[in-house]
Amino acid sequence: MTKQQQPIEDVRLGPVGKAIRVVVAVVGLVLLVNGSVRASDDAWPFGPMSQYAGSVADDASITYTRISARTDAGTTVDVPLNIEGAGVARAEIEARTGEIVKDPSLLQAVADGWARKHPDQPKYVKLELIRDTTTLVEGKVAGDPVPEVLATWQVRR
């Protein structure tokens, strides 16, 4: 028989290998249950990404958090909330909304991130944390989103 024609041997997992697999599975489940019970996205990936879970009722309100920036060029823009934009993800802002409302100076990091990543672009001079609320009636959008300014920050240079 040539090497290509030799039968493949069955390889069985021994007791140590089985035990390791069981321990890893149990630890993963414990971490997932812990994150689920705490209902915190901070535990991701061992917890729920709650902003993506579930469905929306036909008659409900949907909120969307964003940051609006006034630039030194006199324009108003929505801050791109991603790593390439201002260096901070939308999920981070949404998770820390309460903290930002209490201490708007936390928005300084957004302006600093933008300036560092985009030195050739207009700088942010004023930031507003805004929550837009869209109302659904019978599953359809009923009117324009209603903006609510939650926090304002004059950027330090």
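Residues numbered from 1 in each chain as written. Predicted model: local features only at pLDDT ≥ 70, side-chain atom pairs only at ≥ 80, totals over all residues. Heavy atoms only, no water.

1. Quick look at the overall build of the protein
In terms of helices and strands, the protein carries four helices and five strands. Secondary structure elements of the protein occur, N-terminal to C-terminal, as α-β-β-α-α-α-β-β-β. Counting every position in the protein, which comprises 157 residues, the buried fraction comes to 24%. Taking as baseline every contact in the protein between residues at least 6 positions apart, the subset at least 24 positions apart corresponds to 59%. Carbon and sulfur atoms make up 57% of the accessible area of the protein, which amounts to about 11100 Å² in all. (Helix = DSSP H or I, 4+ residues; strand = E, 2+ residues; numbered from the N terminus. Buried < 20%, exposed > 50% of the residue type's maximum accessible area, 1.4 Å probe, protein only. Contact = heavy atoms within 4.5 Å. Areas by Shrake-Rupley, 256 points an atom, 1.4 Å probe, with all protein chains shown as cover.)

2. Notes on the nonpolar core
I67, V79, I93, V110, Y124, L127 and L129 are the most contacted members of the largest nonpolar core, which has 19 residues in total. Listing elements by their share of this core, those giving two or more residues are β1 (61-71), α4 (108-117), β3 (124-137) and β5 (146-154). Non-local contacts of Y124, meaning those with residues more than four positions away in its chain, are made with A69, R70, T71, V77, V79, P80, A111, W114 and V155. (Core = buried A, V, L, I, M, F, W, Y, C linked by side-chain atoms within 4.5 Å.)

3. Some thoughts on α4
In an α-helix, one turn spans 3.6 residues; hence positions three or four apart end up facing the same way. Every buried residue of α4 is listed here: Q108, V110, A111, G113 and W114. For α4, the secondary structure elements touched by its buried residues are β1, α2 (90-95), β3 and β5.

4. Here's the deal with the pairing of β3
In terms of strand pairing, β1 meets β3 through eleven bridges, oriented antiparallel. Bridge pairing in β3 links R66 to I130. Both β3 and β5 contribute to a ladder of eight bridges, which runs antiparallel. Within the sheet, the bridge partner assigned to T133 lies in β5 and is V146. (Pairing = 2+ DSSP bridges.)

5. As for a nonpolar patch on the surface
On the surface, V16, I20 and V24 cluster together into a nonpolar patch covering about 300 Å² of accessible area. With respect to the helices, strands and loops of the structure, V24 is situated in helix α1 (residues 15-38). (Patch = residues over 30% accessible without salt bridge, like charges linked within 9 Å, V, L, I, M, F, W, Y side chains within 5 Å. Salt bridge = Lys/Arg side-chain N within 4 Å of Asp/Glu carboxyl O.)

6. Quick word on the packing of aromatic side chains
Taken as a whole and assessed by the stated rule, the structure comprises one aromatic pair. Where W114 meets Y124, the ring centres are 5.1 Å apart and the plane angle is 15°; that geometry is what we call stacked. Placement of W114 in helix α4 and of Y124 in strand β3 is noted, with a sequence separation of ten residues between them. For the pair W114 and Y124, a shared accessibility class is recorded, and that class is buried. (Phe/Tyr/Trp six-rings, centres within 6.5 Å; stacked < 30°, edge-to-face > 60°.)

Everything listed is a geometric property; what it means functionally is a separate question.
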